[in-house]
Amino acid sequence: MSGFSLLNTDVLHDILSRLPADAFASAACVNKSWNKACKGILSTPKLASALSLNPNLHEAVNEVVNKVLAEPICPDFAIASIGKGFNLESAHTLITQKLGSRTPIITNVAGGLIGMDAKTSQVKEVKWDDADSDGERSRKNRGILLTVGFVPGLKVDTIPLLIGRTNYQMAMVDQFLIDISQYTDSVSGCSIPSGIILFGDQNFDMKPVMAEMGETHHFNFSWKRISYLQSINGFVYADAVMPDEIAIVGDGSGSFLCRNWNNSPSCSYWIGAVALVFAKDKQNSPGAGIGDVQFNVACSTGVIPFGPQLQAASVEKGSNTSRLTFTMEGHNQILNAEELVDDILDLMDQQHTVPDLFLGVIHLQRGLYVDGSVSWRARTSLTFYQVTGSYGSELGIEGVGINPGDSFLFYHSDPGTALCTSDEAFQNLSALKADSNFPQVLGGFLFSSNLRSKSISGKPNMDSDPFRGNFPGVPLAGVYCRGEIGRGCSGLITQEEVAEENNPRRCHHVYAAVYLVLSYVPVSLTSDHS
């Protein structure tokens, strides 16, 4: 009998728990007793994250992979965020080789990174300058942030949104939603996912997609297992494909690769967005001893409205931008956009600030609600479009989601609002932590606008402080981006978001910081509340 076989359970547990992930996986195959011990060690969800600012891609990948796999973990998913100085395809290939092609992996390009350094274990926050030339970016903007997660009780996969190569407007949004629902149903027996982390391409406007995720959809197909289905005039209507309480966060305007990626010119579609979908695993019975992973969303905003209500008169749409004329709501005269924008900028310049300007467009959505009978109810959502210029009576904006007749207000970035709502997000997370019923925090993700600056508060790390101040030492993976996405009724959304039930919902934000807090409720607590 070998010496290892004589180890008592506590000593064996202590030895195995110190092994790196690869050695741990091998140890689990030694014999039944070791396998049982390994299952006991890796029985609860776990998040591991590491940052490297090494300018050499191969060395940076090795540093973060070695760090996240330094302890026992079996990756169910991975998100790798890189600087623009690294080649996206090369980085994605290296990460895939390290973690395996069966692991759902998304690699995306970020405007900056927030995470724990793989070598020093110190929290670092770096934001790169978009004004740098291409050559400067390739030399300076180098870094990688890798996050892997082990989530027993959940199934995870990447679902792509396909776009026609010859027609950017030919987005298969309905099919995208069906694919998410069908995948979720196949693994959980329910069409509603637990949470989604979403990445959109910078050449594709994600705002209409986010709006559709909250709307009623009609599909002429025979599949009958979507929750809350109603058949009306031969069509199947599904209101709750993505109910409001489902957490959806991410970056809606970047560059990314995933394992569904096919860059062959012969392919008639390209991937305009990808959803990392988390769904409950129906194979885990209530008696399996697995608890519940929860997705909690908080948000710090940074824009305020000003001026009268306006209305779009005509809209000319490009592939990812629009030009519109507009009137005062209730009037017919087309306003001079150039003069109006100049007046706004002059006013702000007198206040020693040059803000970013946005249109806040109110979209009306029709919802189908099932409560004994079918009923329709109107609700509104607020979507932001950044102003790119003014040309006589025409106003240029990013995005293609605005239509003639849509009502909107001008919004401008406001550091005071950003600071105030950041403090509010901190307090909301503090209240969450203070709740005696609150479960263990596994880690968090942060999607912060690259328009927000550390000069807002006169100190660095403003956006990461609400999380790090409440959960010190807990993994946080943060990126700076241009299209922060955040929605989900978790009790963490700022008071501005929930002040009135009829307030327009915000899903696609600007000048904001969106927090996703992953937490775990042990099976004993889930049983107590069942």
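Residues numbered from 1 in each chain as written. Predicted model: local features only at pLDDT ≥ 70, side-chain atom pairs only at ≥ 80, totals over all residues. Heavy atoms only, no water.

The name that an unreviewed UniProt entry assigns to the chain is FIST C-domain domain-containing protein, with the source organism given as Tripterygium wilfordii.

**Q** Summarise the overall build of the chain; cite the residues concerned and give the values.
**A** A tally of helices and strands in the chain yields 13 helices and 25 strands. The buried share among the 530 residues of the chain stands at 52%. At a minimum sequence separation of 6, the contacts of the chain that also span at least 24 residues come to 78%. When the accessible surface of the chain is split by element, carbon and sulfur atoms take 49% of a total near 23500 Å². (Helix = DSSP H or I, 4+ residues; strand = E, 2+ residues; numbered from the N terminus. Buried < 20%, exposed > 50% of the residue type's maximum accessible area, 1.4 Å probe, protein only. Contact = heavy atoms within 4.5 Å. Areas by Shrake-Rupley, 256 points an atom, 1.4 Å probe, with all protein chains shown as cover.)

**Q** How would you explain the packing of aromatic side chains if you had to name every residue and give the values?
**A** Tallied over the entire structure, the rule returns 9 aromatic pairs. Pairwise contacts between aromatic rings join Phe306, Phe326, Phe408 and Phe410 into one cluster. Sitting over the ring of Tyr480, Lys127 keeps its end group 5.3 Å from the ring centre. Cation over ring: Arg323 sits above Tyr391, and NZ or CZ is 3.8 Å from the ring centre. (Phe/Tyr/Trp six-rings, centres within 6.5 Å; stacked < 30°, edge-to-face > 60°. Lys NZ or Arg CZ within 6 Å of the ring centre and 35° of its normal.)

**Q** Break down the sheet that holds strand S14 (residues 292–300) for me, citing the residues and quoting the values.
**A** Read across the open sheet, the 6 strands follow the order S5-S4-S22-S21-S25-S14; overall the sheet is mixed. The open sheet is flanked by strand S5 (123–127) and S14, the only strands paired with a single partner. Each strand axis lies, on average, 10 degrees off the axis of its neighbour in the sheet, ignoring direction. With 5 bridges connecting them, strand S4 (residues 112–116) and S5 associate as antiparallel partners. Across the sheet, residue Gly112 finds its bridge partner in S5, namely Lys127. Here helix H10 (residues 415–434) sits on the sheet in contact with S14 and strand S25 (513–521), set at roughly 155 degrees to S14. (Pairing = 2+ DSSP bridges. Axes fitted to C-alpha atoms, helices over the stretch in contact; angles between N-to-C directions.)

**Q** Help me get a handle on the environment of Asn284, residues and values and all.
**A** With respect to the secondary-structure elements, Asn284 resides in the loop between strand S13 (269–280) and S14. Take Asn284: its relative accessible area is 26%, and that puts it in the partly exposed class. Sequence separation of Asn284 and Gly153 is 131 residues, and the distance between their C-alpha atoms is 6.2 Å. Those residues in contact with Asn284 that sit more than four places away from it in its chain are Gly153 and Ile290.

**Q** Go over the pattern of salt bridges, please, and point to the residues and values.
**A** Tallied over the full model, the rule gives 9 salt bridges. Between Glu71 and Lys46 there is a salt bridge; the shortest N-O distance is 3.2 Å. One end of the pair, Glu71, is in the loop between helix H4 (57–68) and strand S2 (77–82); the other, Lys46, is in strand S1 (residues 46–52), and 25 residues separate them in sequence. For Glu71, a relative accessible area of 47% gives the class partly exposed. Across the pair Glu398 and Arg482 runs a salt bridge whose closest N-O atoms are separated by 3.0 Å. Linking Glu398 in strand S19 (residues 394–398) with Arg482 in the loop between strand S22 (476–481) and strand S23 (484–487), this pair joins segments that are 84 residues apart in sequence. (Salt bridge = Lys/Arg side-chain N within 4 Å of Asp/Glu carboxyl O.)

**Q** Give me the pairing of strand S16 (residues 321–328): which residues, what numbers.
**A** In this structure, strand S15 (residues 303–317) lies alongside S16, joined through 7 bridges in antiparallel fashion. Following the sheet pairing, Val315 is matched in S16 by Leu324. Here S15 folds back onto S16 in antiparallel fashion, the turn holding 3 residues. Note: S16 against S19, 4 bridges, orientation antiparallel. Looking at S19, one finds that Arg323 is bridged to Gly396.

**Q** Got a sec to walk through helix H3 (residues 32–41)? Specific residues and values, please.
**A** Turning to H3, its buried residues are Trp34, Ala37, Cys38 and Ile41. All buried residues of H3 fall inside an arc of 100 degrees around its axis, so they share one side. When the buried face of H3 is taken as reference, the exposed residues oriented beyond 90 degrees from it are Lys32, Lys36 and Lys39. Contacts from the buried residues of H3 go to helix H1 (9–16) and helix H2 (21–27). (Arc of directions from axis to C-beta.)

**Q** So what's going on with empty space enclosed by the protein? Which residues, and what values?
**A** Counted by the stated rule, this structure contains 2 cavities of 30 Å³ or more. Volume-wise, the largest cavity comes out at about 80 Å³. Lining of the largest cavity is provided by Ile79, Ser81, Leu145, Thr147, Phe199, Phe445, Leu446, Phe447, Ala477, Gly478 and Val479. Class assignment of the residues belonging to the lining of the largest cavity gives a composition of 8 nonpolar, 3 polar and no charged. Computed from the structure, the second largest cavity encloses a volume of approximately 60 Å³. Lining the second largest cavity are 10 residues, with Met210, Ala211, Ser381, Thr383 and Cys507 positioned closest to its centre. Put simply, the parts of the chain that give the lining of the second largest cavity at least two residues each are helix H8 (207–213) and strand S18 (374–391). Here the residues of the lining of the second largest cavity are counted per class, giving 4 nonpolar, 4 polar and 2 charged. (1 Å grid on protein atoms, 1.4 Å probe; cavity = no way out; pocket = protein on both sides within 12 Å on 5 of 7 lines; lining within 4 Å. Points joined across faces, edges and corners; volume = space filled by probe spheres on them. Nonpolar A, V, L, I, M, F, W, Y, C, P; charged D, E, K, R; others polar.)

**Q** So what's going on with the pairing of strand S12 (residues 247–258)? Residues and values would help.
**A** By the criterion of burial, S12 is predominantly enclosed, with 11 of the 12 residues buried. Note that strand S3 (residues 105–109) and S12 share 4 bridges and pair antiparallel. Counterpart to Ile106 in the pairing with S12 is Cys258. Two strands pair when backbone bridges link them, and strand S8 (residues 195–201) and S12 are joined in this way by 6 bridges, in the parallel orientation. Looking at S12, one finds that Ile197 is bridged to Val249. Where S12 meets S23, 4 bridges bridge the pair, whose relative direction is antiparallel. Residue pairing across strands places Asp251 opposite Glu484, the latter belonging to S23.

**Q** Give me the lowdown on the side chain of Asp281, citing residues and values where you can.
**A** Of note, Asp281 is situated in the loop between S13 and S14. Although buried, Asp281 forms no salt bridge, and the nearest oppositely charged side chain, Lys155, lies 4.3 Å from it. At 3.0 Å, the side chain of Asp281 and the backbone nitrogen of Gln283 are in polar contact. Excluding residues that lie within four positions of it along the chain, Asp281 makes contacts with Gly153, Leu154, Lys155 and Val187. (Lys, Arg positive; Asp, Glu negative; His and termini not counted. Polar contact = N/O pair within 3.5 Å; in protein donor to acceptor, adjacent residues only side chain to side chain.)

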